[in-house]
Amino acid sequence: MSSTQISVTLTSHSSDLLKPVMSVLERHYGSEYYVYERKDCWHIGLGSYRSLIVDSSGENMTISASGEPSRHCPVKKPLSDLAREFLRDNWNHTSKVYGHVGFNYAAHIRGLNYTPGQWPLLALMIPCIGVLIESDRIIVTGHDTKEVLELCTLLKDTCRCRNPPPTTHDIQPVDVNYNSSQYKTLVQKALSEIQQGHYTK
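Summarised in this report is the structure supplied together with it. (Residues numbered from 1 in each chain as written. Predicted model: local features only at pLDDT ≥ 70, side-chain atom pairs only at ≥ 80, totals over all residues. Heavy atoms only, no water.)

Quick notes on unusual backbone geometry
Rules: Numbered from the N terminus, helices here are DSSP runs of H or I no shorter than four residues, and strands are runs of E no shorter than two. Any residue under 20% of the maximum accessible area for its type is buried, any over 50% is exposed, and the rest in between are partly exposed; the area is computed with a 1.4 Å probe on protein chains only.
Positive phi, close to 50°, is recorded for Lys39, a residue that is not glycine. Residue position: Lys39 is located in the loop between β2 (33-38) and β3 (41-54). Exposure remark for Lys39: the relative accessible area of 75% places this residue in the exposed category. Unlike most non-glycine residues, Asp40 shows phi in positive territory, near 65°. Structurally, Asp40 is set in the loop between β2 and β3.

The structure is reproduced here in structure tokens:
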């Protein structure tokens, strides 16, 4: 999984946080997304970069990755193990993971009988773009520079943000492989020294 992301912060002093939320959702109407509010902050995940969906019976799962064919397979492990493996294999810890469990999740993991519904028993999604909307700022993060900058322009126009979003040529690409062998050597040395007791708390 690529770990390259772009993040842009817009300064916005607004008491109407629903206006930018609605603007983002209207722009992405028909796309996959998650939205929730917590402690006066709105969190939005747009588009599926990677996803895991377990059907309502808990017997089949689908793993999808942007630009690749979906994989459909039977569930052969506990759902919690599937979720952990999905995150281990697909998540780079630089973005949020959105998801939900279905109403029958508890019955399923306890082995109780239930009538499967129409919604997935478990769904996890790593979004293509993440948006955090607070009263004083908006942070847009994503894998596609063009999409992030277009969304920033929309939000700038919607919220009258004070700082304009950067243009594509303002953003320096990050080479995560630069000096990777030197970095790994330093980390291995540090871990060895820690294990040998050279450092104490």
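Some remarks on helix α4 (residues 145-159)
Our working definition: Expected helix span is given by 1.5 Å per residue-to-residue step, counting one fewer step than there are residues. Working rule for contacts: check all heavy atoms of both residues, and any pair within 4.5 Å makes them a contact. Within 3.5 Å is the distance limit for a polar contact, defined as a pair of N or O atoms, with the added protein rule that one can donate a hydrogen and the other accept it, and that residues adjacent in sequence qualify only through two side-chain atoms.
The first and last C-alpha atoms of α4 sit 21 Å apart over 15 residues, in line with the 21 Å expected at 1.5 Å per residue. Those residues of α4 that are buried are in contact with β1 (6-11), α1 (18-27), β3, β7 (122-133) and β8 (137-142). Residue Asp144 occupies the N-cap position of α4, its side-chain oxygen lying 2.9 Å from the main-chain nitrogen of Lys146.

What about the pairing of β8?
Taken residue by residue, a regular strand's side chains alternate between the two faces of the sheet. As a reminder, the rule being used: A strand pair is defined by DSSP finding two or more bridges across the two strands.
When you tally the buried positions in β8, you get five out of six residues, the bulk of the element. Pairing between β1 and β8: six bridges, direction antiparallel. Directly across from Ile6, in β8, lies its bridge partner Gly142. Alignment of β7 against β8, held across five bridges, turns out to be antiparallel. Within the sheet, the bridge partner assigned to Ile129 lies in β8 and is Gly142. From the end of β7 to the start of β8, which pair antiparallel, there are three residues.

That is the geometry; function is a separate question.
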